[in-house]
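Reading the structure
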Amino acid sequence: MKQRDIQVLQEMGLTYWQVRKPEFFPNMQVPVIDLPESCKLLFITDDELNEHDAWLFGRILGSMKLKPEQALSLPLEAVEQVAEHHLTWCWFAGCQGAHPVGCQVLNSSSLRAMHSNPSSKKALWQQICSYDK
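Residues numbered from 1 in each chain as written. Predicted model: local features only at pLDDT ≥ 70, side-chain atom pairs only at ≥ 80, totals over all residues. Heavy atoms only, no water.

Moving on, we come to the overall build of the protein. When its secondary structure is counted, the protein shows 4 helices and 4 strands. Reading the helices (α) and strands (β) of the protein from amino to carboxyl end gives α-β-α-β-β-β-α-α. Relative to its 133 residues, the protein shows a buried fraction of 30%. Within the protein, counting contacts between residues at least 6 apart in sequence, those at least 24 apart form 58% of the total. Carbon and sulfur atoms form 53% of the exposed surface of the protein, whose accessible area is close to 9000 Å². (Helix = DSSP H or I, 4+ residues; strand = E, 2+ residues; numbered from the N terminus. Buried < 20%, exposed > 50% of the residue type's maximum accessible area, 1.4 Å probe, protein only. Contact = heavy atoms within 4.5 Å. Areas by Shrake-Rupley, 256 points an atom, 1.4 Å probe, with all protein chains shown as cover.)

Put into structure tokens, the structure is as follows:
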């Protein structure tokens with residue numbers, strides 16, 4: 001659940017609960033996210049992307065020799081629900097957290113911040129290139 005959704009619930013006087021230790025509730029069904037086999041990059045961000053962000057994202061994917069259909073986006077809290085995968089990359093943009101095992105991890109500022117900060121684009125590119133060695 002996004003932070004603004006939680007704030008709306010709080011403003012309505014409703015409490016939001018999240019189970020942090022599901023193993024204490026053996027009968028509870030934890031949702032599982034099955035990624036398609038074609039998904040090679042998991043983009044993790046809590047930001048909603050606008051058209052300009054999507055354009056930059058597409059350019060970065062192209063530089064990684066990936067197509068938009070090979071990437072999926074998830075909010076940070078959903079990453080722990082990812083089941084088996086065929087990911088090559090896991091990119092955290094503007095957030096940090098645990099990543100699925102077996103993929104190359106990238107950390108960057110949010111796409112929105114990258115538009116006006118060339119050094120953050122350069123830092124991301126250096127991370128990408130470091131895996132080619």
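The strand order across the open sheet built from 4 strands is E2-E1-E3-E4, with neighbouring strands paired in parallel fashion. Two strands lie at the open edges of the sheet, namely strand E2 (71–74) and strand E4 (104–108), each paired on one side alone. For this sheet the average axis-to-axis angle between neighbouring strands, irrespective of direction, equals 20°. Relative to E4, strand E3 (residues 89–93) is paired through 5 bridges, and the arrangement is parallel. By the bridge assignment, Trp 89 is partnered in E4 with Gln 104. Contacts from helix H4 (residues 118–130) reach E3 and E4, with the element oriented near 170° to E4. (Pairing = 2+ DSSP bridges. Axes fitted to C-alpha atoms, helices over the stretch in contact; angles between N-to-C directions.)

Of all hydrophobic cores here, the largest spans 17 residues; its most connected members are Leu 41, Phe 57, Ile 60, Met 64, Trp 91 and Leu 111. If one sorts the elements of this core by residue count, helix H2 (residues 51–63) sits on top with 4 residues. In this structure, Phe 57 is in contact with Leu 41, Phe 43, Ala 71, Trp 91 and Leu 111, ignoring residues within four places of it in sequence. (Core = buried A, V, L, I, M, F, W, Y, C linked by side-chain atoms within 4.5 Å.)

Examined against the element boundaries, Asp 53 turns out to sit in helix H2. Assessed through its relative accessible area of 0%, Asp 53 is described here as buried. Not counting chain neighbours up to four residues away, the residues in contact with Asp 53 comprise Glu 48, Leu 111, Arg 112 and His 115.

Evaluated as defined, the whole model comprises 1 salt bridge. Its salt-bridge partner being Arg 112, residue Asp 53 comes within 2.9 Å of it at the nearest N-O pair. Within this pair, whereas Asp 53 is found in helix H2, its partner Arg 112 is found in helix H3 (residues 111–114), the two being separated by 59 residues in sequence. Residue Arg 112 is classed as partly exposed on the basis of its relative accessible area of 41%. (Salt bridge = Lys/Arg side-chain N within 4 Å of Asp/Glu carboxyl O.)

A complete count under the given rule lists 4 aromatic pairs for this structure. Ring centres of Phe 43 and Trp 91 lie 4.7 Å apart, and the angle between their planes is 75°; this geometry places the pair in the edge-to-face category. With Phe 43 in strand E1 (residues 41–44) and Trp 91 in strand E3, this pair connects stretches of sequence that are 48 residues apart. Note on accessibility: Phe 43 and Trp 91 belong to one class, buried. The structure contains a cluster of three or more aromatic residues connected by ring pairs, namely Phe 43, Phe 57 and Trp 91. (Phe/Tyr/Trp six-rings, centres within 6.5 Å; stacked < 30°, edge-to-face > 60°.)

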